[in-house]
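Residue-level structure breakdown
Residues per chain are reported as follows:
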Amino acid sequence: MKTTRRDFLISSASVVSAGVVSALAVQRQAMAAQHVDENSPLAKQLGYKHDATLVDAKAEPKYKPGEHCATCQLYQGKPGEPWGPCPIFQGQDVSDKGWCSAYTPKA
Ligand code: SF4
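So, here is what we can say about the structure in this document.

1. Thoughts on the overall build of the protein chain
A count of helices and strands for the protein chain gives two helices and two strands. Starting at the N terminus and walking to the C terminus, you meet the elements of the protein chain as α-α-β-β. Out of the 107 residues in the protein chain, the part that is buried amounts to 24%. Long-range contacts, defined as pairs at least 24 residues apart, comprise 60% of the intrachain contacts of the protein chain with a sequence gap of at least 6. On the protein chain, roughly 7700 Å² of surface is accessible, and the fraction owed to carbon and sulfur atoms is 61%.

Here's what the structure looks like:
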């Protein structure tokens, strides 16, 4: 069986495409796995907790029971997904059950 130059180019392009798709999938998975560190300076400054029920109401008087990231205007996670992006913590995901003092209820 003789391989033409055209066949070679087509199969090479397929291999490269598959590699790029795999690399993007791995990168996306790695990015999605980055959760906000509650002990980071910004998280501490904003009183962020992964679990809003653990917010210290005395230290965070703005907090009202029932508030959580999934009901915040800034939350960009998809409904039903436990973690999602928030522009306050760029490049990291917050918990849909989390809370911070920048909480802004959805309209
Ligand atoms: Fe959660 Fe809203 Fe604070 Fe972002 S701004 S961490 S979505 S409460």
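2. Examining the side chain of E67
Structurally, E67 can be placed in the loop between α2 (41–46) and β1 (83–85). Summary of buried charges: E67 has no salt-bridge partner, and the nearest side chain of opposite charge, K64, is 4.4 Å away. Here the side chain of E67 touches W99 through a polar contact of 3.0 Å, side chain to side chain.

3. As for the nonpolar core
In a soluble, globular protein the nonpolar side chains are often hidden away together inside. Of all hydrophobic cores here, the largest spans 10 residues; its members are V36, A43, L46, Y48, C69, Y75, C86, F89, V94 and C100. In this structure, A52, V55, C72 and W99 belong to the second largest nonpolar core, which totals six residues.

What counts and what doesn't
Residues numbered from 1 in each chain as written. Predicted model: local features only at pLDDT ≥ 70, side-chain atom pairs only at ≥ 80, totals over all residues. Heavy atoms only, no water. Helix = DSSP H or I, 4+ residues; strand = E, 2+ residues; numbered from the N terminus. Buried < 20%, exposed > 50% of the residue type's maximum accessible area, 1.4 Å probe, protein only. Contact = heavy atoms within 4.5 Å. Areas by Shrake-Rupley, 256 points an atom, 1.4 Å probe, with all protein chains shown as cover. Lys, Arg positive; Asp, Glu negative; His and termini not counted. Salt bridge = Lys/Arg side-chain N within 4 Å of Asp/Glu carboxyl O. Polar contact = N/O pair within 3.5 Å; in protein donor to acceptor, adjacent residues only side chain to side chain. Core = buried A, V, L, I, M, F, W, Y, C linked by side-chain atoms within 4.5 Å.

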